[in-house]
Amino acid sequence: MEMLMVDCCVNGPVQFPEGLPDLLICCSFEDYKLTTEWLLNQTSHRPKVTVICGSGLGLLADGATNKQTFRYQDIPNFPVSTAPGHEGCLVFGLIEDTPCVFMQGHFHLYEGYSLCQVTFPIRIFKLMGVEYVLVTNASGGICPDFKVGDIMIIKDHINLPGFAGQHPLCGPNDERFGIRFPCMSDAYCKDLRRLALDVGSELGCSDFIREGVYCMVSGPNFETIAEARMLLILGCDSVGMSAVPEVTVAKHCGLRVLGLSLITNMVSLDYSREEKANHEEVLQISKMRAEVLQKLVSALISRCQQQNINTN
Ligand code: HPA
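Because the structure is a prediction, the values reported are computed rather than measured.

### Some remarks on the site of the ligand
Taken together, Ala138, Ser139, Gly140, Phe222, Glu223, Val239, Gly240, Met241, Thr264, Asn265, Val267 and Val282 make up the full set of residues near the ligand. With respect to the ligand, the backbone of Ala138 contributes an N or O atom lying 3.5 Å from a nitrogen atom. The separation between a nitrogen atom of the ligand and a polar main-chain atom of Gly140 is 3.3 Å. Considered on its own, the ligand offers 260 Å² of accessible surface; in the complex 95% of this is hidden by protein. Where the shell around the ligand is concerned, the elements lending two or more residues are strand S5 (132-141), strand S8 (238-240) and strand S9 (256-266). Top element by residues in the shell around the ligand is S5. It accounts for three residues. Its residues assigned to classes, the shell around the ligand shows six nonpolar, five polar and one charged.

### Concerning the state of the cysteines
Applying the stated criterion to the full structure yields zero disulfides. The structure places no disulfide on Cys189, whose sulfur is separated from the nearest cysteine sulfur, that of Cys304, by 8.8 Å. Residue classification places Cys189 among the buried positions, given a relative accessible area of 6%.

### So, the packing of helix H5 (residues 190-202) against helix H8 (residues 279-306)
It is the contact of H5 with H8, at a shortest axis distance of 10 Å, that shows an interaxial angle of 125°. With respect to their mutual orientation, H5 and H8 come out oblique. The handedness of the crossing between H5 and H8 comes out as right-handed. In this structure, H5 uses Leu192, Leu195, Ala196, Val199, Gly200 and Glu202 to contact H8, whose residues at the interface are Leu296, Ala299, Leu300, Arg303 and Cys304. By residue class, the composition of the contact of H5 with H8 is eight nonpolar, one polar and two charged.

### With respect to the pairing of strand S6 (residues 151-159)
When a strand is regular, its side chains alternate between the sheet's two faces. Taken across its nine residues, S6 has seven buried, putting it largely inside the fold. Relative to strand S7 (residues 209-216), S6 runs parallel, the two sharing eight bridges. The residue bridging Asn159 from the neighbouring strand is Met216, located in S7.

Criteria and cut-off values
- Residues numbered from 1 in each chain as written.
- Predicted model: local features only at pLDDT ≥ 70, side-chain atom pairs only at ≥ 80, totals over all residues.
- Heavy atoms only, no water.
- Near = heavy atom within 4 Å.
- Polar contact = N/O pair within 3.5 Å; in protein donor to acceptor, adjacent residues only side chain to side chain.
- Areas by Shrake-Rupley, 256 points an atom, 1.4 Å probe, with all protein chains shown as cover.
- Helix = DSSP H or I, 4+ residues; strand = E, 2+ residues; numbered from the N terminus.
- Nonpolar A, V, L, I, M, F, W, Y, C, P; charged D, E, K, R; others polar.
- Disulfide = S-S within 2.5 Å.
- Buried < 20%, exposed > 50% of the residue type's maximum accessible area, 1.4 Å probe, protein only.
- Axes fitted to C-alpha atoms, helices over the stretch in contact; angles between N-to-C directions.
- Parallel < 35°, antiparallel > 145°, perpendicular 65-115°, else oblique.
- Left-handed = near helix turned anticlockwise from the far one by under 90°.
- Contact = heavy atoms within 4.5 Å.
- Pairing = 2+ DSSP bridges.

Structural data, given as structure tokens:
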């Protein structure tokens, strides 16, 4: 079989300064290239859209045809999902005529992965020719107007681990992917957000579609009441343990991003509240809304190709 090679616009590998902690240099351009070439040689699919399926949302790939599936453990350099509700498969397929790749399961800081590992697949997709990333996840509602089962279109985020130096772009910058100081004020594409609102309304989902600010925490524990109150004061509408590293790396390398966060529980803001957050509830609500989310995601993918929302 003919070997396909990945193009790169700058010659030679990035020179990493000596003495950098391993955590910061876990993936070299050669690592990304090797995995990309392996996938390009194993499949004839050339995806334009990536869908990252959040907890219990692996079913989002069900609407695709002509599927080809790889287990993460069989893909060179790929991390392996350890979180419950994350299958650990990469599914290539078509939504109508649009070639897509679905990540059934993604990676989290709380699993012990570095942010370089968490975001590894994003750069692989970029090198494969992907232009759009649709991130889905589960989050706890903080905005008092939200209800369990709402789908929040992410308007903006707060990268709380990033404030503490846990940031996927820390370390030497590889200009082949993007610039040293990327702009994040438009991380979530305005046109895609508008399209999501339109498509949601056409599908009769307006009653439970919201827009809001998502905050990432590292987890794995759910928030204390004092933490939840702090997040409310900071302007967060929901809180979860994923998405922001992938979105940051996607924006850095010029991909268009849409984020959909399913409100699987309401975060306790009150000491008198008896309900306790738990992962079973997260998975149960994800299952309940998976079908609607799948319709929404499929319609969005077809429409975003038709409308040809431009990439940077
Ligand atoms: N907090 C953090 N992450 C979450 C939550 C939550 O309440 N629900 C789903 N993911």
